[in-house]
Amino acid sequence: MDKPDCDPRRLDNTYRQFGAVNRAVSGWRRLYLRELRPLLSVAPTTILDIGCGGGDIAVMLARWALRDGLVLDVTGIDPDPRAIGFALRRPPVRGVQFRQAHSSALIREGAVFDVVISNHVLHHLTPGELGVLLDHSGKLARNKALHNDLRRSRLAFALFGVATLPLPASFIREDGLTSIRRSYTPAELTAAAPAGWRVEAGAPFHQILALRRT
Ligand SMILES: C[S@@+](CC[C@H](N)C(=O)[O-])C[C@H]1O[C@@H](n2cnc3c(N)ncnc32)[C@H](O)[C@@H]1O
């Protein structure tokens, strides 16, 4: 799916299936309950989702907050026109907006959010891009930044390979397996992160690179 000329129908299926895969494995319900809901109130709390892809995490968080009667204002950004195009074609959800933008554009604007998040982005980046993302998210986050990503393991690779066999018309299986192979162990992520960032346990086969101000 990273190839610019990949099959657009398979790509759309992939963005659609990310919603189900992320709901099942990425641990955002627990992160919402532990990390986000305690900050929410009837006054808006702002969240920036960097590299939002097809936008499913932003929508999921906003829906949970709405259901809890709390006000969350989520901005999802991604410079990839195909990803943000899919996100923008979603039915509107109160408190969610998407923009085609790289984090550097928000830095130039002097934007600040209560919390900055990302999901399954870190393993996609070169060491230089990882440094940029962490620098930007540190500057954009008023309260905390939480980068949720895969944790590399042979068991994750084997289980994901079997679980995604019934998903032939998308890139989920091949890209997911590549992503697991490229992802960090906790020791590698700790070594790659600048001072102030901590690697914390996440959902099964996941870890969180966190920066906390309080
Ligand atoms: C694998 S996708 C993650 C999709 C989505 N978060 C999900 O969980 O389905 C990674 C995305 O991060 C975006 N990205 C990488 N660095 C970025 C940055 N500094 N600012 C904004 N987006 C970025 C890429 O364009 C890519 O679409």
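Residues numbered from 1 in each chain as written. Predicted model: local features only at pLDDT ≥ 70, side-chain atom pairs only at ≥ 80, totals over all residues. Heavy atoms only, no water.

- Per an unreviewed UniProt entry, the protein chain is named Methyltransferase domain-containing protein, and its organism is Pseudarthrobacter enclensis.

## Focus: the pattern of salt bridges
- One pass over the full model with this rule turns up 10 salt bridges.
- Between R212 and E35 there is a salt bridge, and its shortest N-O distance comes to 2.8 Å. In this pair, R212 is assigned in strand β7 (residues 206–212) and E35 in helix α2 (residues 28–36), connecting sequence segments 177 residues apart. (Salt bridge = Lys/Arg side-chain N within 4 Å of Asp/Glu carboxyl O. Helix = DSSP H or I, 4+ residues; strand = E, 2+ residues; numbered from the N terminus.)

## Some details on the packing of aromatic side chains
- The full count for this structure, using the stated rule, is 1 aromatic pair.
- The cationic tip of R29 hangs over the ring face of W64; the distance from NZ or CZ to the ring centre is 5.0 Å. (Phe/Tyr/Trp six-rings, centres within 6.5 Å; stacked < 30°, edge-to-face > 60°. Lys NZ or Arg CZ within 6 Å of the ring centre and 35° of its normal.)

## Considerations on the UniProt feature "domain: Methyltransferase" (unreviewed entry) in the protein chain
- Under the local residue numbering, the UniProt record ascribes the feature "domain: Methyltransferase" (unreviewed entry) to residues 47–134.
- Counted over residues 47–134, helix gives 40% and strand 24%. Its end C-alpha atoms are 16 Å apart. (UniProt positions renumbered as here; feature names shortened; annotations may be inferred.)

## Comments concerning the layout of surface pockets
- Taken as a whole, the second largest pocket encloses approximately 250 Å³ of empty space.
- The wall of the second largest pocket is formed by 14 residues, among which R23, D56, V59, R63 and R90 lie closest to the centre.
- Top contributing element to the lining of the second largest pocket by residue count: helix α3 (residues 56–67), with 6 residues.
- The residue makeup of the lining of the second largest pocket, split by class, is 7 nonpolar, 1 polar and 6 charged. (1 Å grid on protein atoms, 1.4 Å probe; cavity = no way out; pocket = protein on both sides within 12 Å on 5 of 7 lines; lining within 4 Å. Points joined across faces, edges and corners; volume = space filled by probe spheres on them. Nonpolar A, V, L, I, M, F, W, Y, C, P; charged D, E, K, R; others polar.)

## A look at the pairing of strand β1 (residues 45–50)
- For β1, the buried fraction is high: 6 of the 6 residues fall into the buried class.
- Side chains T45, I47 and D49 project from β1 onto one buried face, and the interleaved T46, L48 and I50 project onto a second face that is buried too.
- Where β1 meets strand β2 (residues 72–77), 6 bridges bridge the pair, whose relative direction is parallel. Paired with I50 across the two strands is I77, which belongs to β2.
- For the segment spanning β1, α3 and β2, crossover handedness is right-handed.
- Pairing analysis gives 3 bridges linking β1 to strand β4 (residues 113–119), with the strands arranged parallel. Each residue of the ladder has a partner; that of L48, found in β4, is V116. (Buried < 20%, exposed > 50% of the residue type's maximum accessible area, 1.4 Å probe, protein only. Pairing = 2+ DSSP bridges. Right-handed = clockwise from strand over helix to strand, strands pointing away.)

## Some details on the site of the ligand
- Neighbouring residues of the ligand: 18 residues in total, closest G51, D78, S103, N119 and H124.
- N22 places a polar side-chain atom, nitrogen or oxygen, 3.3 Å from an oxygen atom of the ligand.
- Take G51: an N or O atom from its main chain is 2.7 Å from a nitrogen atom of the ligand.
- Burial of the ligand by the protein chains amounts to 87% of its free accessible area of 610 Å².
- Grouping the amino acids of the shell around the ligand by side-chain chemistry returns 8 nonpolar, 8 polar and 2 charged. (Near = heavy atom within 4 Å. Polar contact = N/O pair within 3.5 Å; in protein donor to acceptor, adjacent residues only side chain to side chain. Areas by Shrake-Rupley, 256 points an atom, 1.4 Å probe, with all protein chains shown as cover.)

## Focus: the nonpolar core
- The biggest cluster of nonpolar side chains holds 28 residues, and the ones touching the most others in it are W28, Y32, L61, F98 and I117.
- Among the elements of the structure, α2, α3, β2, α4 (81–88), β3 (96–99), β4 and β7 are those that each provide at least two residues to this core.
- Sorting elements by how many residues they give to this core places α3 first, with 8 residues.
- In this view, I117 contacts W28, I47, L48, D49, I50, I57, L61, L146 and H147; residues no more than four positions away in its chain are not counted.
- By size, the runner-up hydrophobic cluster in this structure holds 23 residues, among which are I77, L133, A141 and A145. (Core = buried A, V, L, I, M, F, W, Y, C linked by side-chain atoms within 4.5 Å. Contact = heavy atoms within 4.5 Å.)

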